[in-house]
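Here is what each chain is made of, one letter per residue.
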Amino acid sequence: MAGGASINWLEGVAPCPSPNCDPRPPRTEVDLLVIHAISLPPEQFGGPWIEALFTNALDHSAHPYFAALRGVRVSAHVLICRDGGVRQFVPFHMRAWHAGKSCFQGRASCNDFSIGIELEGSDQQPFDERQYPALAEVTLAIMRAYPRITPTRIVGHADIAPGRKSDPGPFFDWARYRAMIVARSHG
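S.K.: How should the pairing of strand 2 (residues 32–38) be read in this particular structure?
M.R.: For a regular strand, the rule is simple: side chains alternate between the two faces of the sheet. A large share of strand 2 lies buried, amounting to 7 of its 7 residues. Burial along strand 2 is two-sided: the residues Leu-32, Val-34, His-36 and Ile-38 and Leu-33, Ile-35 and Ala-37 are all buried. For strand 2 and strand 8 (residues 114–120), the ladder comprises 7 bridges, and the chain directions are parallel. Bridge assignment links Ile-35 to a residue of strand 8, and that residue is Ile-117. Where strand 2 lies against strand 9 (residues 154–156), 3 bridges are found, and the strand directions are parallel. Within strand 9, the residue paired with Ile-35 across the bridge is Gly-156.

S.K.: I would appreciate a short explanation of the sheet that holds strand 4 (residues 86–88) in the present structure.
M.R.: Two pairing modes exist for strands in a sheet, parallel and antiparallel, and in both the strands are linked by backbone hydrogen bonds. Strand order in the open sheet formed by 5 strands is 4-3-8-2-9, and the pairing between neighbours is mixed. The open sheet has two free edges, formed respectively by strand 4 and strand 9, since each of these has just one partner strand. Geometrically, the sheet is characterised by an average inter-axis angle of 25 degrees between neighbouring strands, direction not taken into account. Summarising the sheet, strand 3 (residues 78–80) and strand 8 pair through 3 bridges and their orientation is parallel. Bridge assignment links Leu-79 to a residue of strand 8, and that residue is Glu-118. Here helix 2 (residues 131–145) sits on the sheet and contacts strand 2, strand 3, strand 4, strand 8 and strand 9; the angle it forms with strand 8, its principal contact strand, is near 170 degrees. Along the sheet, helix 4 (residues 174–186) contacts strand 2 and strand 9; its crossing angle with strand 9, the most-contacted strand, is approximately 160 degrees.

S.K.: I'm lost on helix 4 in this one. Help?
M.R.: Residues lying three or four places apart along an α-helix face the same way, a consequence of the helix completing one turn every 3.6 residues. With 13 residues, helix 4 extends 19 Å from end C-alpha to end C-alpha; this agrees with the ideal 18 Å at 1.5 Å per step. Three or more residues of helix 4 are buried, namely Tyr-177, Met-180 and Ile-181. Projected down its long axis, helix 4 carries its buried residues within an arc of 100 degrees, all on one side. Every exposed residue of helix 4 that faces more than 90 degrees away from the buried side is listed here: Ala-175, Ala-183 and His-186. Tucked inside the fold, the buried residues of helix 4 contact strand 2, helix 2 and strand 9. If you check the start of helix 4, you find a side-chain oxygen 3.3 Å away from the backbone N of Ala-175, and it comes from Asp-173.

S.K.: Is there a simple way to think about unusual backbone geometry in this case?
M.R.: The general pattern is negative phi for most residues beyond glycine and trans for most peptide bonds. Between Leu-40 and Pro-41 the backbone carries a cis peptide bond, its omega angle lying at -15 degrees. Topologically, Pro-41 is positioned in the loop between strand 2 and helix 1 (49–54). Residues Asp-167 and Pro-168 are joined by a peptide bond in cis, for which omega reads 10 degrees. With respect to the secondary-structure elements, Pro-168 resides in the loop between helix 3 (157–160) and helix 4. A positive phi is found at Glu-43, a non-glycine position, where the angle reads about 70 degrees. Relative to the elements of secondary structure, Glu-43 occurs in the loop between strand 2 and helix 1. Judged by relative accessible area, which is 33%, Glu-43 ranks as partly exposed. With a phi angle near 50 degrees, Gln-105 is a residue other than glycine that sits in the positive phi range. Mapped onto the elements of the fold, Gln-105 is located in the loop between strand 6 (103–104) and strand 7 (107–108).

Thresholds applied
Residues numbered from 1 in each chain as written. Predicted model: local features only at pLDDT ≥ 70, side-chain atom pairs only at ≥ 80, totals over all residues. Heavy atoms only, no water. Buried < 20%, exposed > 50% of the residue type's maximum accessible area, 1.4 Å probe, protein only. Helix = DSSP H or I, 4+ residues; strand = E, 2+ residues; numbered from the N terminus. Pairing = 2+ DSSP bridges. Axes fitted to C-alpha atoms, helices over the stretch in contact; angles between N-to-C directions. Contact = heavy atoms within 4.5 Å. Expected span 1.5 Å × (residues − 1). Arc of directions from axis to C-beta. Polar contact = N/O pair within 3.5 Å; in protein donor to acceptor, adjacent residues only side chain to side chain.

In short, shape yes, function no, at least from these values alone.
Structure, rendered in structure tokens:
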């Protein structure tokens with residue numbers, strides 16, 4: 001991925017627009033980054049299913065698990081695939097529907113003021129080595145465009161929806177990710 005972030009889209013990443021977004025509340029400053037994990041079907045990687053879910057094109061008959069997703073309308077700003085490939089679904093100035101019922105430091109409805117990044121992965125398996133540098137690069141681009149997002153304002157979905165969500169889970173290496181952000185921001 002070349003370049004950084006504009007106010008809307010990552011440079012060098014072809015947009016894959018999702019209809020599952022809407023305007024942020026007026027005068028809302030984006031100041032939180034939320035890291036998620038997703039696999040469709042659960043524990044399976046690759047294939048078109050995540051993109052299909054985020055663009056409301058999921059074939060609910062393609063896998064038994066997908067029937068439970070009928071009518072679900074979700075998205076994230078960015079997806080980082082197992083191979084480190086990056087896809088963007090929602091422009092950063094818009095509200096993606098990634099956090100659900102959530103709260104950060106007493107502020108509810110985290111979708112209003114956050115950017116959501118999904119990692120193709122799960123709570124049950126390590127993430128692919130190629131995802132970490134891609135995540136760090138995307139994170140730094142976002143932090144340049146939204147300077148109120150600092151390393152202390154980067155959290156997991158589990159941190160803003162405890163008891164309801166567990167991602168990115170125990171296999172996500174927070175120390176490695178944070179070290180990469182620091183190293184790349186000084187390099």
